[in-house]
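# A closer look at the structure
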Amino acid sequence: MGSCGTWAGRELLVLLSGMWLCAAQPSLPGPTRSPAPPLKFRLAGYPRKHNEGRVEVFYNDEWGTVCDDDFTLANAHVLCRHLGFVAATGWAHSAKYGKGVGRIWLDNLNCAGGEKNVGDCKHRGWGNSDCSHEEDAGVICKDERIPGFKDSNVIETEQSHVEEVRLRPVVSGARRQLPVSEGIVEVRYKDGWAQICDEGWDSRNSHVICGMMGFPAEKKVNRNFYKQLKRAARTKGRSPRPGSRYSRLANKSQPKQKRREDIGFKKRLFMERQQLNYRLHSVSCTGTEVHLSMCTFEFYRGNASVACAAGMPAVVSCVPGPLFATGNGHKKKQRQQQQGQPRLRLKGGAKVGEGRVEVLKSSEWGTICDDRWNLLSASVVCRELGFGSAKEALTGARMGQGTGPIHMNEVQCLGTEKSLWSCPFKNITQEDCKHTEDAAVRCNVPYMGYENLIRLAGGRTAFEGRVEVKRGSKWGTVCSDGWTTKEAMVACRQLGLGYSLHAVTETWYWDASNVTEMVLSGVKCAGHEMSLSHCQHHGTSLNCRNTGTRFAAGVICSETASDLLLHAPLVQETAYIEDRPLHMLYCAAEENCLSSSARLANWPYGHRRLLRFSSQIHNNGRADFRPKAGRHSWVWHECHRHYHSMDIFTHYDILTPNGTKVAEGHKASFCLEDTECEEDVAKRYECANFGEQGITVGCWDLYRHDIDCQWIDITDVKPGNYILQVVINPNFEVAESDFTNNAMKCNCKYDGHRIWVHSCHIGDALSEEASKRFEQYPGQLNNQIS
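All residue numbers here refer to positions counted from 1 along the written sequence of the relevant chain. Local features in a predicted model are, by the rule used here, given only for residues with pLDDT of at least 70; side-chain atom pairs are given and counted only at 80 or more, and totals for whole chains, interfaces and linings are based on all residues. Hydrogen atoms and water are omitted, and side-chain values are computed over all heavy atoms in the structure.

### Observations concerning the pairing of strand β37 (residues 720–728)
- Using a 1.4 Å probe on the protein chains alone, a residue whose accessible area is under 20% of its type maximum counts as buried, one over 50% counts as exposed, and one in between counts as partly exposed. Secondary structure elements follow DSSP: runs of H or I no shorter than four residues count as helices, runs of E no shorter than two count as strands, and numbering proceeds from the N terminus. With eight of nine residues buried, β37 lies mostly within the body of the structure.
- For strand β32 (residues 646–655) and β37, the ladder comprises six bridges, and the chain directions are antiparallel. Paired with T650 across the bridge in β37 is I728.
- Following DSSP output, two strands are said to pair if at least two bridges run between them. The pairing of β37 with strand β38 (residues 743–750) spans eight bridges and is classified as antiparallel. Across the sheet, the residue bridging to L724 is C746, located in β38.

Here's what the structure looks like:
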């Protein structure tokens, strides 16, 4: 957006805005002119969900609103795209989301709908309005993000003059070590950084800063140490002399054992010699704010060279959470503090510190309804889990739908609570909420710089390409031997690009004009790591079958993913035994749906004993579940006369209580389709006539108990107590947002004639203690299931 010249010129242009618009003018060249910052947009107001609200525009260093005069859906489309959504579904007039404050920047806005910038639409001119804030316009955006859209992370508050904050370390050793947990607090000002005067600074202010930096708590700083160090650096321009008063202070700021270990510590401390530039003073936070801009403070005006005469730059020291703590002693202390299973977890998020909030109650995990869900409650969750304050409080199952009970509704934390369970909340009734209203969070996490050690090359979009990693000072490719969805999930997480859609092992079809040599092999990840460097891998010597470019590892990432889970109660309700004659099982034998001993049977005489049950597989994620292979490579099976789109879609096993398999089966995905869907969700996939296969979000695929291979062959199983286990997508062939809920387990008792199946549940739905009780189940003494 071009600047419109001098202040006087701008005022004149407002008067002439009926003839021509300031926004359309190019910037004039000049030695002192800097380009105007781009417009920023945010949604504000209450009550609202994440994709709706009062529209606010940041123009000319000030937030303001848009008047509803002549407002149309086309205006809303342009504004929603600015906000990162693909389109608008509606708009609101007459300050539906509350009245804004400050300027009303736009009036009589008239967009065609296709404009890339709202400044390209017709309007009365920036700041020229005859409206009051009772006419503030709002928008309702379609809940679908533009791929790759980066949130500006501007916090919703009326006084957001301070947007970017950092901690600058002043200890030389700390300057290379991440995360930075102690340093001078600085705020972005013009093209540089400015300090905050610490007069009146207290632990509540520090608590807010630490939360912004991704840390759950603050600790006391040796202020005298920094003060004397600053004075020494200013007077001598170098570090304190060993043995001086300043170096003794430096020594005192360290724990005793650290002093003994590191006598040279005092030689390594320094304060950069620089002209301090104070920007803020009289900062006063309550401690519950999620951003410094929400606290009260004052700006220095005019000549700030004499500012903060009695103080010094504000310094903060933070306590890292367990994931980011350095040093074994600290980790051990954290572990001691966290004895016993936590009663809170995040599920389904692509990055560390984000996900659907789940709580443990009566030994069963459940979700939280999003009614009145806000940043205060979300921050209590984030800090309890060892992260900082909340960046976003998400509503409307933005991190996918949970399963099981909804334990809490209308959570109303003050922000000071140590645990979410200490906050007031309402118990849920079935009419109140559905899993489409599951609450989620995005927490502030410490900056670790992992994204600087990985990049994508050769792809057609920013979300795909050959993976290149930095080892030492050298960039290079990764061997694709053993490269699976798990490794690709870690790579996409490290890149900040969401979930892995595909793990690519042959990358010959991507641009190879700037290919680097291979530098990493043997990568094997669990799937939860923050960086590929945290996974197992070979050392400096490579061991790769094919080091050529076409066999380098690649990824295709996506901001959304599917999430499959089995409807456990249906398995329990439909399980039964059938003795099926061998002459009816020729096709099943051809597709390996019987145990290996069936080969030795006296075909076609005799029978096999089958445990049959129905499987109803739901997609609760945020993207459709599609087979990994395209239909060109599906395999036709003549016997059953259908296509297999995945070799193995589910594993069916009978286990002893100690986990030994006594019977197994598998279910090839011969057909993935939408059998039924939730209200307002249309079916998209159908197997008939070689149709597209998949499971739509909000739909489920039903494999009835009476179709071939929907069983486990238990002919050779002896009477006893067992665990029935069903695992969906067992080989991680298709990416999901959460693989931990893919297993379902049931207790079962088999007496040689009948089978009782009960206590069916998703694998991670119970507490650790309840899971142990389940696996050590002693068996039933009668046919009454309690």
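### Some remarks on the packing of aromatic side chains
- Two rings from Phe, Tyr or Trp (for Trp, the six-membered ring) form a pair when their centres sit within 6.5 Å of each other. Planes less than 30 degrees apart are called stacked, planes more than 60 degrees apart edge-to-face, and all others tilted. Summed over the entire model, instances satisfying the criterion amount to 14 aromatic pairs.
- Seen from their ring centres, F58 and W63 are 5.0 Å apart, and the 50° between their planes marks the pair as tilted.
- Taking relative accessible area as the criterion, F58 reaches 14% and is therefore assigned buried.
- Cluster of aromatic residues (ring-pair linked, three or more members): Y59, W105 and W126.
- When the ring centre of W63 is taken as reference, the NZ or CZ atom of R42 above it lies at 3.9 Å.
- In this structure, R145 packs its charged tip against the face of F85, placed 4.5 Å from the ring centre. Put simply, a charge is over a ring when the Lys NZ or the Arg CZ is close to the ring centre, within 6 Å, and near the line of the ring normal, within 35 degrees.

### A short note on the nonpolar core
- Residue types Ala, Val, Leu, Ile, Met, Phe, Trp, Tyr and Cys, when buried and joined through side-chain atoms within 4.5 Å, form a set referred to as a nonpolar core. Among the nonpolar cores identified, the biggest contains 35 residues, and F613, F649, I654, L724 and M744 are the most heavily contacted of them.
- Of all the secondary-structure elements, those providing two or more residues to this core are β26 (564–566), α11 (568–574), β32, β37, β38 and β39 (755–762).
- The residues contacting M744, other than those within four sequence positions of it, are L566, A568, V571, L724, Q725, V726, C760, H761, I762 and G763. When checking whether two residues touch, look at their non-hydrogen atoms; a contact exists if any pair is within 4.5 Å.

### With respect to helix α2 (residues 73–82)
- Extensive coverage of α2 is indicated by the burial of seven of its 10 residues.
- Among the residues of α2, those classed as buried are A74, N75, A76, V78, L79, C80 and H82.
- Considering only its buried residues, α2 is in contact with β1 (40–44), β2 (52–59), β4 (88–92) and β6 (138–141).
- Two residues or fewer after α2 comes G84, characterised by a positive phi angle close to 95°.

### Focus: the state of the cysteines
- When two cysteine sulfur atoms are found within 2.5 Å, that pair is recorded as a disulfide. As enumerated under the stated definition, the model contains 15 disulfides in all.
- Each disulfide pairs two cysteine sulfurs, and for C492 the partner residue is C557, the sulfurs being separated by 2.0 Å. One quick way to see it: the torsion about the S-S bond of C492 and C557 is about -85°, and its sign makes the bridge left-handed. Of the two residues, C492 is situated in helix α10 (residues 485–495) and C557 in strand β25 (residues 554–558); the sequence distance between them amounts to 65 residues.
- C492 gets classed as buried once you look at its relative accessible area, which sits at 0%.
- On the accessibility criterion, C557 (5% relative accessible area) is buried.
- Bridging C593 to C709, the disulfide has an S-S length of 1.9 Å.

### What to know about helix α9 (residues 375–384)
- When you tally the buried positions in α9, you get seven out of 10 residues, the bulk of the element.
- In protein, a polar contact means a hydrogen-donor-capable atom and an acceptor-capable atom, both N or O and within 3.5 Å, with residues adjacent in sequence counting only if both atoms are side-chain atoms; elsewhere, any N or O pair within 3.5 Å suffices. Put simply, N374 is the residue that caps the front of α9, since its side-chain oxygen is 3.2 Å from the backbone nitrogen of L376.
- Of the residues one or two after α9, G386 is the one with positive phi, at around 95°.

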